2 protein chains.
Amino acid sequence: MNANENKNKMGLKQVLSAVQDGLFSAEDFIADCFDRIESREDEVGAWQCRLSREAYLEQYRGNREFFEQSPLKGLPVGIKDIIDTADMPTEMGSSIHRGRQPVDDASCVTLLRDAGALVLGKTVTTEFAYFRPGKTANPRDLTRTPGGSSSGSAAAVADHMVPVALGSQTAASVIRPAAYCGSVGYVGSRGEFSLRGIQPLGQSLDSLGLFSRKVEDIELLRGVLLRRQNPFDSSEALKPAKVLLCTGEAIGETSADMVAAIRQVESKLVAEGVEVIEPDLGNWLSELVAHHGCVMAYEASRNLAYESGFPEQLSAPLKELIETGLATSRDDYLASLQAAELIRQQLFERYSDVDAILAPAAPGVAPEGRDKTGAPHMSRPWQVMGLPVVTLPGLEDAQQLPLGIQLVGKSREDDRLLCMARWLESRLS
Amino acid sequence: MNANENKNKMGLKQVLSAVQDGLFSAEDFIADCFDRIESREDEVGAWQCRLSREAYLEQYRGNREFFEQSPLKGLPVGIKDIIDTADMPTEMGSSIHRGRQPVDDASCVTLLRDAGALVLGKTVTTEFAYFRPGKTANPRDLTRTPGGSSSGSAAAVADHMVPVALGSQTAASVIRPAAYCGSVGYVGSRGEFSLRGIQPLGQSLDSLGLFSRKVEDIELLRGVLLRRQNPFDSSEALKPAKVLLCTGEAIGETSADMVAAIRQVESKLVAEGVEVIEPDLGNWLSELVAHHGCVMAYEASRNLAYESGFPEQLSAPLKELIETGLATSRDDYLASLQAAELIRQQLFERYSDVDAILAPAAPGVAPEGRDKTGAPHMSRPWQVMGLPVVTLPGLEDAQQLPLGIQLVGKSREDDRLLCMARWLESRLS
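- If you check an unreviewed UniProt entry, chain A appears there as Asp-tRNAAsn/Glu-tRNAGln amidotransferase A subunit from Marinobacterium sediminicola.

Written out as structure tokens, the structure is:
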């Protein structure tokens with residue numbers, strides 16, 4: 001890649017290296033990001049609010065010494081507008097919170113700022129990270145949905161406006177928009193990160209998520225968020241020995257293109273000497289989809305207690321979610337939690353030698369129209385089990401629309417999963 | 001009890017009944033609470049900030065119709081100052097957050113307000129719900145600690161300033177102050193309640209807690225917090241058939257008075273026909289204490305990322321906690337989480353027919369001096385397993401200082417635990 005063009009398409013670590021090596025400056029890169037935003041934002045609509053170029057440079061230059069010595073060099077990051085920021089409103093995609101100005105940064109924001117990231121802006125979220133879309137378009141085809149709920153973060157990274165962005169996932173809110181827009185997406189294991197200052201939807205489901213263009217950038221941000229001594233440390237890419245393949249039909253509706261894409265990845269894996277097995281048939285995947293829905297409705301209806309008081313400002317799907325949650329018996333809710341945990345244990349006992357699960361990250365390419373964000377079923381099984389997941393781009397349909405796949409790891413084995421994802425990424429590109 | 005005296009010593013449900021029956025008005029009760037606060041607060045120091053009598057009555061009278069028709073009738077509640085409130089600062093016991101004014105109510109606060117509770121004020125917390133005490137004294141002996149971290153909530157309820165208060169527990173922050181001050185305390189199972197707006201310390205450990213004078217009042221508030229259709233619904237008191245007795249020595253230092261108190265409860269149980277067994281000896285309880293400490297340090301050091309930037313405003317114990325957490329290897333942290341989960345599973349497999357665990361809620365009576373809040377080890381085993389716990393008052397040492405005991409239930413069986421606690425409460429009083 002010529003250092004003087006398309007800098008903003010580079011991955012975060014690539015940019016940091018180039019800046020370190022003097023190929024270009026952080027300000028050069030920042031300028032390219034703003035060029036891109038200014039030329040595309042009217043169409044893409046990734047940002048709920050953001051710094052102007054001038055305001056950004058004022059912050060950068062006002063603290064230049066700190067940024068130059070920092071790991072992340074003052075490079076821009078986007079923050080999903082469900083994550084609190086002390087210097088910008090956090091409106092959660094709802095008119096109920098128009099202009100809501102939190103008093104604190106979320107801890108993930110603090111950690112990124114401490115490492116020298118500069119918050120360029122807040123990215124569009126669906127209403128309370130649930131279904132009602134914001135203004136964002138899919139940067140690969142403006143007539144299509146970017147997916148949700150982390151719509152703006154996925155679009156901003158995929159459209160080369162910023163190298164990385166934060167999101168969150170309760171159902172499919174990182175994995176699906178990453179798949180639809182063609183970025184890398186990562187959802188941490190349940191309990192992995194501090195969620196302080198991230199507005200919750202379901203305490204048994206919520207996870208922090210990250211978007212980037214390269215897996216290695218996820219690993220860097222993960223190191224920052226875990227306060228690792230050297231966030232640049234990383235292990236060798238890891239070829240999995242054995243992969244469990246879920247083609248998608250056992251989870252729910254899957255397009256023929258997606259099935260073909262998954263089979264294509266299977267062929268690549270087999271050609272590389274990876275053993276690929278398919279799970280015994282059974283209803284466990286569709287059962288997990290149902291359990292996820294039950295837990296989400298029950299918990300969301302308590303977490304959104306305040307918002308329940310403003311029914312006229314809630315979308316019909318959100319009102320329905322809250323009503324469903326309030327009508328769900330406690331026994332059914334607890335049964336779903338227990339069943340999901342049991343299936344998780346049985347899955348990893350039965351397939352103890354499997355290194356990762358491969359599955360579609362979405363039912364297919366991004367659907368046409370922007371009134372919905374696509375179906376979330378592909379993520380529900382893994383999310384209700386609290387597993388770490390990476391979306392990998394690289395595959396496309398005949399119209400060059402992204403077909404994202406996901407690699408799922410064991411609970412809390414996020415580092416190992418990312419090493420495998422980095423290996424697979426190199427085989428898909 | 002004569003309706004015209006000591007109203008403020010009554011339990012919440014008793015007061016609500018009396019108001020309903022016209023024995024006295026909500027305003028009469030409120031007046032008694034303020035009388036008590038005004039006569040005692042200078043010595044007890046339960047409140048970080050609070051409404052004046054006039055401001056309270058203005059709010060009450062300004063919305064009288066709503067309060068009169070509400071389940072909780074406009075009666076006062078105290079909120080631990082680690083829980084966000086939109087109309088009062090939330091300072092977390094730290095000068096770092098002096099005057100910090102959150103933009104939202106925590107969801108638990110919203111739910112209480114919606115049910116007609118009126119937030120009288122914020123109660124003193126130790127620094128970030130960890131060790132450094134605030135100004136609160138033990139209302140039973142002003143030279144002693146009230147325990148922490150929910151110091152003000154425990155003291156305010158025990159001293160009859162308010163009938164109920166909210167707290168939170170990561171180690172022993174509800175169970176211990178309830179024991180030291182002589183109130184009922186309840187810690188919900190992990191995941192049980194929305195923690196939105198409660199500043200976190202350890203995401204694998206944090207639980208919402210409640211203080212009251214009667215177990216039935218905990219059950220009422222629990223119904224409100226879970227958005228139950230009728231929060232006044234309750235089941236019959238339940239005599240446990242079989243109780244596992246942990247006398248305390250297997251957990252850590254225990255006073256002779258406390259051992260005697262626990263044996264006294266054992267005798268009462270046996271006399272009532274309850275089978276009481278003691279666990280096989282082994283190190284599992286002390287191992288759980290260590291695992292709890294490891295998880296807490298690791299997670300707190302990430303949750304307190306922002307505050308880490310102000311070392312000169314942190315107490316030595318908190319700095320040490322953060323340093324320990326940052327020096328804890330990820331492998332050790334994960335091993336502690338896994339070990340605790342394994343012990344939990346084995347415990348309830350081995351003792352599947354046990355209805356509840358009985359143990360000291362603290363090592364003994366509240367220690368003298370107010371520079372420390374007492375040792376937390378008695379709560380660590382149950383907290384790291386995510387179990388629901390109730391502190392019951394009623395026992396005392398020779399100086400009439402409270403010796404609190406705790407009843408521990410199985411994960412998510414909070415309702416059943418509370419029915420048993422209500423039964424045992426009637427036997428202790």
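1. Some thoughts on the domain arrangement of chain A
All names here are of chain A.
For step 1, the next point in the chain: Per the domain assignment, the segments of chain A are domain 1 (7-225) and domain 2 (242-428).
For step 2, the next point in the chain: A straight line from the C-alpha centre of domain 1 to that of domain 2 covers 22 Å.
For step 3, the next point in the chain: Each partner contributes residues to the interface: domain 1 has 59 residues there, and domain 2 has 64 residues.
For step 4, the next point in the chain: Here domain 1 meets domain 2 over a buried area of about 5,000 Å², counting both sides, of which 55% is carbon and sulfur.
For step 5, the next point in the chain: In terms of surface lost to domain 2, no three residues of domain 1 exceed Tyr130, Arg144 and Tyr180, which account for 13% of the buried area on that side.
For step 6, the next point in the chain: Taken together, the connections running from domain 1 to domain 2 amount to 6 salt bridges.
For step 7, the next point in the chain: The salt bridge involving Arg422 is made with Glu219; its shortest N-O contact spans 2.6 Å.
For step 8, the next point in the chain: Here domain 1 and domain 2 share 40 residue pairs in polar contact (both at pLDDT 80 or more) between them.

2. Things to note about the interface of chain A and chain B
For step 1, the next point in the chain: Taken together, the contacts link 46 residues of chain A with 46 residues of chain B.
For step 2, the next point in the chain: Between Arg100(A) and Asp104(B) there is a salt bridge; the shortest N-O distance is 2.5 Å.
For step 3, the next point in the chain: Seen at the junction of chain A and chain B, the total is 24 residue pairs in polar contact (both at pLDDT 80 or more).
For step 4, the next point in the chain: Of all the elements in the fold, those that place two or more residues in the side of chain A that touches chain B are helix H5 (107-114), helix H8 (215-225), helix H10 (284-303), helix H11 (316-327), helix H12 (330-350) and helix H14 (414-428) of chain A.
For step 5, the next point in the chain: Here the side of chain A that touches chain B is composed, by residue class, of 18 nonpolar, 13 polar and 15 charged.

3. Details of the relation of the copies chain A and chain B
For step 1, the next point in the chain: In the superposition of chain A on chain B (RMSD 0.0 Å, axial shift 0.0 Å), the rotation amounts to 180 degrees. Classification of the inter-copy transformation places it as that of a two-fold axis.
For step 2, the next point in the chain: Residue by residue, 100% of the interface of chain A is reproduced at the interface of chain B, so both copies engage with the same surface.

4. Concerning the pairing of strand S11 (residues 402-408) of chain A
Successive residues of a regular strand alternate their side chains across the two faces of the sheet.
All names here are of chain A.
For step 1, the next point in the chain: Within S11, 7 of the 7 residues are buried, leaving the element largely enclosed by the surrounding structure.
For step 2, the next point in the chain: Note that strand S9 (residues 356-360) and S11 share 4 bridges and pair antiparallel. Of the residues in S11, the one forming a bridge with Leu358 is Leu407.
For step 3, the next point in the chain: Two strands pair when backbone bridges link them, and strand S10 (residues 389-396) and S11 are joined in this way by 6 bridges, in the antiparallel orientation. The residue of S11 that forms the bridge with Val390 is Leu407.
For step 4, the next point in the chain: Counting the residues between successive antiparallel strands, the hairpin from S10 to S11 contains 5 residues, one of them, Gln400, with a positive phi of roughly 60 degrees.

5. Focus: helix H8 (residues 215-225) of chain B
Residues and elements named next belong to chain B.
For step 1, the next point in the chain: Most of H8 is tucked away: 10 of the 11 residues are buried.
For step 2, the next point in the chain: Listed as buried for H8 are Val215, Asp217, Ile218, Glu219, Leu220, Leu221, Arg222, Gly223, Val224 and Leu225.
For step 3, the next point in the chain: At the exit of H8 stands Arg227, carrying a positive phi of roughly 55 degrees.

6. Quick word on the side chain of Thr85(A)
Residue and element names in this part refer to chain A.
For step 1, the next point in the chain: The topology assignment puts Thr85 in the loop between strand S2 (76-80) and H5.
For step 2, the next point in the chain: Looking at Thr85, its side chain comes within polar contact range of the main-chain oxygen of Met88, at 2.9 Å.
For step 3, the next point in the chain: If we ignore the near neighbours within four places in the chain, the residues touching Thr85 are Ile79, Thr90, Gln101, Pro102, Asp104, Asp105, Val109, Arg113 and Lys122.

7. Observations concerning the packing of helix H1 (residues 12-20) of chain A against H8(A)
Residues and elements named next belong to chain A.
For step 1, the next point in the chain: Two numbers describe how H1 lies on H8: the axes approach to 7 Å, and their chain directions differ by 80 degrees. What the angle tells us is that H1 and H8 run roughly perpendicular. Counted together, Leu12, Lys13, Gln14 and Leu16 of H1 and Glu216, Asp217, Leu220 and Leu221 of H8 form the full contact between these two elements.
For step 2, the next point in the chain: Residues of the contact of H1 with H8, tallied by class, amount to 4 nonpolar, 1 polar and 3 charged.

8. Here we look at the nonpolar core
For step 1, the next point in the chain: Counting residues in hydrophobic clusters, the biggest one holds 284 residues, and the most contacted among them are Ile83(A), Leu112(A), Trp382(A), Ile83(B), Leu112(B) and Trp382(B).
For step 2, the next point in the chain: In contact with Trp382(A), other than residues within four places in its own chain, are Cys246(A), Ile251(A), Trp284(A), Leu285(A), Ile357(A), Ala359(A), Leu387(A), Val389(A), Gln406(A) and Val408(A).

9. So, the sheet that holds strand S5 (residues 184-187) of chain B
All names here are of chain B.
For step 1, the next point in the chain: Reading across the sheet, the 11 strands line up as S1-S3-S2-S4-S6-S5-S10-S11-S9-S7-S8 and stay open at both edges, with mixed pairing between neighbours. Since the sheet does not close on itself, it has two edges, and those belong to strand S1 (47-50) and strand S8 (275-277), each with one partner. Pairs of neighbouring strands in the sheet enclose a mean axial angle of 25 degrees, with direction left out of account.
For step 2, the next point in the chain: As judged from the 4 bridges shared by S5 and strand S6 (residues 207-212), these two strands associate in the antiparallel manner. Counterpart to Tyr186 in the pairing with S6 is Leu210.

Definitions and limits used
- Residues numbered from 1 in each chain as written.
- Chains lettered and ligands numbered in written order.
- Predicted model: local features only at pLDDT ≥ 70, side-chain atom pairs only at ≥ 80, totals over all residues.
- Heavy atoms only, no water.
- Domains from an automatic or database assignment.
- Contact = heavy atoms within 4.5 Å.
- Buried area = accessible area lost by both parts, 1.4 Å probe.
- Salt bridge = Lys/Arg side-chain N within 4 Å of Asp/Glu carboxyl O.
- Polar contact = N/O pair within 3.5 Å; in protein donor to acceptor, adjacent residues only side chain to side chain.
- Helix = DSSP H or I, 4+ residues; strand = E, 2+ residues; numbered from the N terminus.
- Nonpolar A, V, L, I, M, F, W, Y, C, P; charged D, E, K, R; others polar.
- Least-squares fit on C-alpha atoms with pLDDT ≥ 70 in both.
- Buried < 20%, exposed > 50% of the residue type's maximum accessible area, 1.4 Å probe, protein only.
- Pairing = 2+ DSSP bridges.
- Axes fitted to C-alpha atoms, helices over the stretch in contact; angles between N-to-C directions.
- Parallel < 35°, antiparallel > 145°, perpendicular 65-115°, else oblique.
- Core = buried A, V, L, I, M, F, W, Y, C linked by side-chain atoms within 4.5 Å.

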